[in-house]
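Listed below are the residues making up each chain.
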Amino acid sequence: MSLMTNYSASPLIRIENLCKSYSLQDANGKTITNQILFNLNLTIYQGEFVAIMGHSGSGKSTLMNILGCLDTPTSGSYWLGEKNVAALSNDELAHIRNQSIGFVFQGFNLLKRMTALDNVATPLLYAGVSRSNSRRQALELLRRTGLENFAMHQPNQLSGGQQQRVAISRALVNRPPLILADEPTGNLDTQTSREIMLLFAQLNCEQGITIVLVTHENDIAAYAKRLIRLKDGHIIVDENNTAGVVSDEIA
Amino acid sequence: MNLFAIITEALRALHQNRLRTGLTMLGMIIGVAAVVLMLSIGQGARTKINETIAAMGSNLFIVVPGATSSGGFSFGSGTVKTLTINDAYAIAELPSISAASPVTTGNVQLNYAAKNWSTLILGTTPDYFEVGNWKMESGTTFTESDLRSAARVVVLGSVTAKNLFGDEDPVGKTIRITNRPFLVTGVLMAKGQSLTGRDQDDNVFIPITTSERQITGNQFPGSIRYMLVQGKSAEDMDIAEIEITQLLRQRHRIAKSKENDFTVRNLTAIADVATGAAKVMSIVLGAIASVSLLVGGIGIMNIMLVSVTERTREIGIRMAIGANQRAILTQFLLEAMMICIMGGLIGLLLGIGGAWLVSQVTDMLIVITLGMVGLAFLFASAVGIFFGFYPAKKAASLKPVDALRYE
């Protein structure tokens, strides 16, 4: 089921002169502007596997939120595929999050007291798919991530690795071209982290899904093909990843 | 997301917080039950009064003689014998009047076989039964020829008949009134209490001519206790009242400067006052009950606000995976509405049950109409929408990034 037959051809994400700043009121009621991102320019093509690295406070999570249409830039433009995200309404942004982006979070962010199956099926419900159809598709995804036997378990009955697999299944269920993973292995042990990263690498290689990953761990970033390093809101490194863990392990 | 899926989500959320949902619902249950109960009591009172008024007859005047006074003491109406049978006959001829029936009253001892009963006796004309809206249980009223011949015939009120005859059929039997034999021609159907609470069924009726000559006769021949007058139409009651007054002043030769020696009372006006009072009572009862519904609604709003804050992260997750503002709004609004509708239904059943219990324990008339049921239900839904909207709106207008970051 290759969604992207022609990946690495056209740009999926195009950012030009993107700035983000927050305005805060200090104790005296004066407005303080706190700029997080400074004039970022970045193009990510379909089929890429990009790791964004940086220390805390470098702006990598802010950039991730903007890329995921969860937040809007203060200035500059962000093109996702053919669409200028800055010009979209709230409903259109919700539609993009639903159809074009799959999120994987550090804290898994599964809906509590809902079965793994229903968690995976929820994006389909928001897309207007019927309950029975969405459950069937969700079960198919859980099968592919090896969790079919846990479909009726609730998140608190699953291990961290299993929860993250459920979250990845949920991110994939609407077949988005882009997956955004914000420190997806931050709460996992080394072995489980490796399994999750291999799953990402596999999705990238076999299905051509573009993956953008935020991490501060070098050995996690090593799975990506391209490395972007942020410092204090500026891109200081943008290079092909030569470490090449993926090719070794996949092969 | 289709409505069915949202309803399922809302039900799941309510189910997760069963105790909280139940307690919030209790506010609605009590509110709706109170509204239904109060409306049914109010409606019952109005129905009861309307029945009494209908039984009284329509477009009625009661004309009573004036009061005498001596040294500043008034002796009450009827202490002067100014109204006569002929006044009544003259009034009956007025263009705006359809009938006028003179009445004399007295207290008598009745005997039948070994039983005796003391009661009120009314001497009147056959018109009286028509004007007063009396229906026959059995037999017939006395007739115009009975009236002309001052026949010894009697019509019994239902309570009197019961006391004197038990289960026996009184029609055709002869009873003794102050030791004179009277033939029972009929028994009246029960009317119950009057607006003033008097038992209208414990009495007997004889032709006024018979009464005059043989039972309650007094030193003023032809004088009556009061007369019952029926106007031709409800619209012309004011005109009729003026005509009656003018005619009686003329017949009694009352000088312009003198006051009336009689009083004309419009019973319709009295009935209107009673109806109005009952209406006000049901409005007041309903208003008091509505306060509890309002309090229940505020409780729902409070809980929904807490729920939205508590579930901020859930809202963020839902937005991240594609829920638009309308989906979030609908979900929370539906949760509030479901509490209201379920609470409303339970409250409705409790209210109906309570009303039934009240009607069993007391002799109050309780009326539950479909309209009331609909109104209570509509009210409950409206409360849900009104008090659920603000928290739902608050949930829907959260920024995804802030909601996701919320701890």
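Look a little higher up for the structure.
Quick look at the structure, then. Everything numeric here is computed off the predicted structure, so don't read it as measured data. (Residues numbered from 1 in each chain as written. Chains lettered and ligands numbered in written order. Predicted model: local features only at pLDDT ≥ 70, side-chain atom pairs only at ≥ 80, totals over all residues. Heavy atoms only, no water.)

1. Description of the overall build of chain B
Looking only at helices and strands, chain B has 13 helices and 12 strands in total. The C-alpha atoms of chain B give a radius of gyration of 33 Å, which is well past the 22 Å a tight globule of 407 residues would have. Residues classed as buried in chain B amount to 49% of the 407 residues present. Once local pairs closer than 6 in sequence are excluded, the contacts in chain B between residues at least 24 apart make up 76%. As presented, chain B carries roughly 19,600 Å² of accessible surface, and 61% of it is formed by carbon and sulfur atoms. Across chain B, the 34 positively charged side chains and the 30 negatively charged ones have centroids separated by 6 Å. (Helix = DSSP H or I, 4+ residues; strand = E, 2+ residues; numbered from the N terminus. Rg over C-alpha atoms; globule rule 2.2 N^0.38 Å. Buried < 20%, exposed > 50% of the residue type's maximum accessible area, 1.4 Å probe, protein only. Contact = heavy atoms within 4.5 Å. Areas by Shrake-Rupley, 256 points an atom, 1.4 Å probe, with all protein chains shown as cover. Lys, Arg positive; Asp, Glu negative; His and termini not counted. Charge placed at Lys NZ, Arg CZ, Asp CG, Glu CD.)

2. Comments concerning the packing of aromatic side chains
Tallying each qualifying case throughout the model produces 8 aromatic pairs over all chains. Ring plane angle 10° and centroid distance 5.7 Å describe the contact between A:Phe103 and A:Phe105, whose orientation is recorded as stacked. Here the two residues A:Phe103 and A:Phe105 agree in accessibility, since each one is buried. Residues B:Phe386 and B:Phe387 carry aromatic rings whose centres are separated by 5.0 Å and whose planes lie at 85° to one another, so their mutual orientation is edge-to-face. (Phe/Tyr/Trp six-rings, centres within 6.5 Å; stacked < 30°, edge-to-face > 60°.)

3. Observations regarding empty space enclosed by the protein
Counted by the stated rule, this structure contains 2 cavities of 30 Å³ or more. Here the largest cavity defines a volume of roughly 80 Å³. Forming the walls of the largest cavity are B:Ala13, B:Leu14, B:Asn17, B:Arg20, B:Thr21, B:Ile303, B:Met304, B:Ser307, B:Arg311, B:Glu335 and B:Ile339. Elements with a minimum of two residues in the lining of the largest cavity: α1 (3-16), α2 (18-56), α9 (267-310) and α11 (325-361) of chain B. Here the element with the most residues in the lining of the largest cavity is α9(B); it accounts for 3 residues. Here the lining of the largest cavity is built from residues that sort into 5 nonpolar, 3 polar and 3 charged. Here the second largest cavity is characterised by a volume of approximately 70 Å³. The wall of the second largest cavity is formed by A:Arg97, A:Asn98, A:Ile101, A:Gly102, A:Phe103, A:Pro123, A:Arg170, A:Ala171, A:Asn174, B:Ala320 and B:Ile321. Looking at the lining of the second largest cavity, the elements with two or more residues in it are α2 (90-99), β6 (101-104) and α5 (160-172) of chain A. Looking at the lining of the second largest cavity, the element that brings in the most residues is β6(A), giving 3 residues. When grouped by side-chain class, the residues that make up the lining of the second largest cavity number 6 nonpolar, 3 polar and 2 charged. (1 Å grid on protein atoms, 1.4 Å probe; cavity = no way out; pocket = protein on both sides within 12 Å on 5 of 7 lines; lining within 4 Å. Points joined across faces, edges and corners; volume = space filled by probe spheres on them. Nonpolar A, V, L, I, M, F, W, Y, C, P; charged D, E, K, R; others polar.)

4. Brief notes about the pattern of salt bridges
Residue and element names in this part refer to chain B. One pass over the full model with this rule turns up 21 salt bridges over all chains. Put simply, Arg-20 and Glu-310 hold a salt bridge, and the shortest N to O gap is 2.8 Å. On the criterion of sequence distance, the pair formed by Arg-20 in helix α2 and Glu-310 in helix α9 is long-range, its members being 290 residues apart. Classification of Arg-20 by relative accessible area gives partly exposed; the value is 22%. Look at Glu-310 and you get partly exposed, because its relative accessible area is 49%. Here Arg-251 and Asp-87 are joined by a salt bridge, their closest N and O atoms 2.6 Å apart. (Salt bridge = Lys/Arg side-chain N within 4 Å of Asp/Glu carboxyl O.)

By themselves these figures say nothing about function.
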